[in-house]
Amino acid sequence: MKFSVFEVLKAASEQFSAANIDNPRLDAEILLAHVLKWRRLRLYVDSDKILPLESVLRFNQLVNRRLEGFPVAYLTGSKDFMGLTFAVNENVLIPRPDTEILAEGVGKYLRGLGREVIFADLGAGSGAICISILKFVQSARAAAVDISNEALEVAKFNAIKFHVEDRAEFFCGDLFAPLEGKTFNAIVSNPPYIPTCELDALQAEVRREPRLALDGGADGLNFYRRIISDAPRFLTAGGLLAVEVGINQAQAVKTLAEAAGFVDIQIFKDLAGIERVVAAGI
Ligand code: GLN
């Protein structure tokens, strides 16, 4: 049997559709491009090309793992964020497009300060947020904190990949614990924010991601309470706190920030129109 690019993509997309996978064709293309080490565009240009049997077998293995619920990004070991291809594995949350407005907003704010600046990223995970900020703000340095050593290994790998390792320091610990005595121009975080009782109902692929990166406690707001009450001590005068929030959490987080003395509190929506980022000054 001989299989062309077109045929294997069609077969995989059909299997994914039947399994109710969200983006069947896209997932099939990303996996095949990964196996062949091609850009996705080439799948169209060379769609008649007959594939070597070993590539077909390797692709089928990945298709089967996808059908078992593994996210595409864990199968390819990479995910694009802010135009950069980050390495990811099962120890880190997969960067989401929704989070780009957080990175972009804080990046613009820091660049606007027009001088050497330092910011902290709490729960840095793969490093997608802090590394993309460092990449776009040459005058910035970052302290990246994560409670998971395995996650920090991924973040360090990405910092080296994008040549910002000399401007990033990595700390293993719980939120501000390893930063005692330091102050920052900005604090950024995409903390775990899913209410515990909702975790089991998440999509199969999200349930493959680290619980540690998702579980926000009973109402999902635990990490915001802790971050917001400690942040004033770790911000320089006029500093910025910016956090990603889950659906319907923005107002509650705004209220927490007001109670802690923050001012100029702003809420930003993501591309789907959902309130996604809360930013506050001190
Ligand atoms: N955005 C993720 C989701 O909806 C959650 C990330 C988080 O808890 N910070 O699955």
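A. Representation of the side chain of Q249 in the model. With respect to the helices and strands, the residue Q249 is situated in the loop between β7 (235–244) and α11 (250–259). With relative accessibility at 7%, the residue Q249 sits in the buried group. One polar contact links the side chain of Q249 to the main-chain carbonyl oxygen of Y193, over a distance of 2.9 Å. The residues touching Q249, leaving out its near neighbours within four places in the chain, are Y193, D219, G220, L221 and Y224.

B. A look at the site of the ligand. Taken together, the residues surrounding the ligand are L93, R96, N190, P191, P192, Y193, I194, V206, A213 and L214. Between a nitrogen atom of the ligand and a side-chain N or O atom of Y193, the distance comes to 2.9 Å. Burial of the ligand by the protein chains amounts to 86% of its free accessible area of 300 Å². Classifying every residue of the shell around the ligand by side-chain character gives 8 nonpolar, 1 polar and 1 charged.

C. Geometry of the sheet that holds strand β6 (residues 184–189). Taken in spatial order, the 7 strands line up as β5-β4-β3-β6-β7-β9-β8 in an open sheet, and their pairing is mixed. Each of the sheet's edge strands pairs with one partner strand only, and the pair in question is β5 (168–172) and β8 (263–269). Put simply, the sheet's adjacent strands are angled 15° from each other on average, direction ignored. Where strand β3 (residues 117–122) lies against strand β4 (residues 140–146), 6 bridges are found, and the strand directions are parallel. In the strand pairing of β4, F119 is matched with A142. Strands β3, β6, β7, β8 and β9 (275–281) of the sheet are contacted by helix α6 (residues 100–113), whose axis makes an angle of about 175° with β6.

D. Structural view of the pattern of salt bridges. Counting across every chain of the model gives 16 salt bridges. D27 is the partner of R66 in a salt bridge, and the nearest nitrogen-oxygen pair spans 2.9 Å. Of this pair, R66 sits in helix α4 (residues 53–67) while D27 sits in helix α2 (residues 24–36), and the two are 39 residues apart along the sequence. Just as R66 is buried, D27 falls in that class too. Among the salt bridges present, the one from E153 reaches K156, with a minimum N-O distance of 3.8 Å. Taken together, the residues E153 and K156, both in helix α8 (residues 149–161) and 3 residues apart, mark about one turn of the helix. The class for K156 is partly exposed, based on a relative accessible area of 32%. One connected set of salt bridges, linked through shared partners, spans R25, E29 and R40.

The rules behind the values
Residues numbered from 1 in each chain as written. Predicted model: local features only at pLDDT ≥ 70, side-chain atom pairs only at ≥ 80, totals over all residues. Heavy atoms only, no water. Helix = DSSP H or I, 4+ residues; strand = E, 2+ residues; numbered from the N terminus. Buried < 20%, exposed > 50% of the residue type's maximum accessible area, 1.4 Å probe, protein only. Polar contact = N/O pair within 3.5 Å; in protein donor to acceptor, adjacent residues only side chain to side chain. Contact = heavy atoms within 4.5 Å. Near = heavy atom within 4 Å. Areas by Shrake-Rupley, 256 points an atom, 1.4 Å probe, with all protein chains shown as cover. Nonpolar A, V, L, I, M, F, W, Y, C, P; charged D, E, K, R; others polar. Pairing = 2+ DSSP bridges. Axes fitted to C-alpha atoms, helices over the stretch in contact; angles between N-to-C directions. Salt bridge = Lys/Arg side-chain N within 4 Å of Asp/Glu carboxyl O.

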